[in-house]
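# Working through the structure, step by step
Listed here are the chains, written in short residue letters.
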Amino acid sequence: MGSKITLAEICTDISYGYTASATAKPVGPKFLRITDIQGGKVNWENVPYCEIDEKDSLKYLLQDGDIVIARTGNSTGENFIFSSNTKVVFASYLIRFRIDPKKANPKFIWLQMRTPQWWSFIDSVKTGSAQAGANAKVLGLYEVELPERKIQDHIADIGFNLLKKQDINSKINQTLEQM
């Protein structure tokens, strides 16, 4: 399909998240935590806020295309690609992988992180007996397929269109069940 390259090699930044207490009061940006990510999705209505100063805010704000990965516990490897205009900072048990858009399509990379190959990789690298996990260096070793950019873009478009259709169908089913 294409060449293989590690996740770390296509990133402009790999960072651990911000340590703070979450609050229901809208006192700052949304505060994305491990528990907010379920099956690669986030229900933003349930995401709390956090107080953060301007300097730290710039360091921890998510940008379009950022991928965050849970690094500890049963959630190790759970991930989410950010795509929003909402101000959101990410919590300390998440690691942000900022994909260089000149090297790869972030959506294409994220789709590879929803595959059985990703989960097999996670199972093989988790360490620790009480609270298993993986650090940024280890997660950055994951090898992704990297075909030419035109193919990445095409696959990402198809994949995300299918995910949107799946969300629409789920909403329709919920409405029908309520009726």
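Presented here is an overview of the structure given in this document.

## Observations concerning the overall build of the protein
- Tallying secondary structure elements over the protein gives 5 helices and 10 strands in all.
- Judged by the C-alpha coordinates and their principal axes, the protein covers about 50 × 45 × 35 Å.
- Across the 179 residues in the protein, those meeting the buried criterion constitute 43%.
- If you take every contact in the protein between residues at least 6 apart in sequence, the share linking residues at least 24 apart comes to 75%.
- Within the structure as shown, the protein displays about 10,500 Å² of accessible surface, and the carbon and sulfur contribution to it stands at 51%.
- Looking at the protein, you have 22 positive and 20 negative side-chain charges, and the mean spots of the two groups are 1 Å apart.

## A look at helix 3 (residues 116-125)
- For helix 3, the set of buried residues is Trp118, Phe121, Ile122 and Val125. Looking straight down helix 3, one finds that the buried residues subtend no more than 100° of arc, so they occupy a single side. Residues of helix 3 that are exposed and angled more than 90 degrees away from the buried face: Pro116, Asp123 and Ser124.
- Each element contacted by the buried residues of helix 3 is listed here: strand 6 (67-70), strand 7 (79-81), helix 2 (106-112) and helix 4 (136-139).

## Looking at the side chain of Asn105
- Tracing the backbone shows Asn105 in the loop between strand 9 (94-99) and helix 2.
- Overall, Asn105 belongs to the buried group, its relative accessible area being 10%.
- In terms of polar contacts, Asn105 uses its side chain to reach the backbone amide nitrogen of Lys107, at 2.8 Å.
- The contact partners of Asn105, leaving out residues within four places of it in the chain, are Arg149, Gln152, Asp153 and Ala156.

## Remarks on the environment of Tyr49
- In this structure, Tyr49 sits in the loop between strand 5 (41-42) and helix 1 (54-60).
- Taking C-alpha positions, Tyr49 is 23 Å from Gly77, a pair spaced 28 residues apart along the chain.
- In this structure, Tyr49 is in contact with Ser21, Ala22, Thr23, Ala24, Lys25, Pro26, Val27, Gly28, Pro29, Lys30 and Phe31, ignoring residues within four places of it in sequence.

## Here we look at the pattern of salt bridges
- The tally for this structure, following the rule as stated, stands at 6 salt bridges.
- For Arg96, the salt bridge identified is with Asp13, shortest N-O distance 2.9 Å. One end of the pair, Arg96, is in strand 9; the other, Asp13, is in strand 2 (residues 11-16), with 83 residues separating them in the sequence.
- What makes Arg96 buried here is its relative accessible area of 3%.

## So, the packing of aromatic side chains
- Within this structure, the stated rule accounts for 9 aromatic pairs.
- Residues Tyr18 and Tyr60 carry aromatic rings whose centres are separated by 5.1 Å and whose planes lie at 50° to one another, so their mutual orientation is tilted. Placement of Tyr18 in the loop between strand 2 and strand 3 (30-32) and of Tyr60 in helix 1 is noted, with a sequence separation of 42 residues between them. We note that Tyr18, like Tyr60, is buried.
- Consider the rings of Trp118 and Tyr142, whose centres lie 4.8 Å apart with planes at 90°: the pair is edge-to-face. Taken together, the positions of Trp118 in helix 3 and Tyr142 in the loop between helix 4 and strand 10 (143-146) put the pair 24 residues apart, joining distant regions of the chain.
- Trp118 sits in the buried class, given a relative accessible area of 0%.
- A relative accessible area of 6% places Tyr142 in the buried class.

Procedures and definitions
Residues numbered from 1 in each chain as written. Predicted model: local features only at pLDDT ≥ 70, side-chain atom pairs only at ≥ 80, totals over all residues. Heavy atoms only, no water. Helix = DSSP H or I, 4+ residues; strand = E, 2+ residues; numbered from the N terminus. Buried < 20%, exposed > 50% of the residue type's maximum accessible area, 1.4 Å probe, protein only. Contact = heavy atoms within 4.5 Å. Areas by Shrake-Rupley, 256 points an atom, 1.4 Å probe, with all protein chains shown as cover. Lys, Arg positive; Asp, Glu negative; His and termini not counted. Charge placed at Lys NZ, Arg CZ, Asp CG, Glu CD. Arc of directions from axis to C-beta. Polar contact = N/O pair within 3.5 Å; in protein donor to acceptor, adjacent residues only side chain to side chain. Salt bridge = Lys/Arg side-chain N within 4 Å of Asp/Glu carboxyl O. Phe/Tyr/Trp six-rings, centres within 6.5 Å; stacked < 30°, edge-to-face > 60°.

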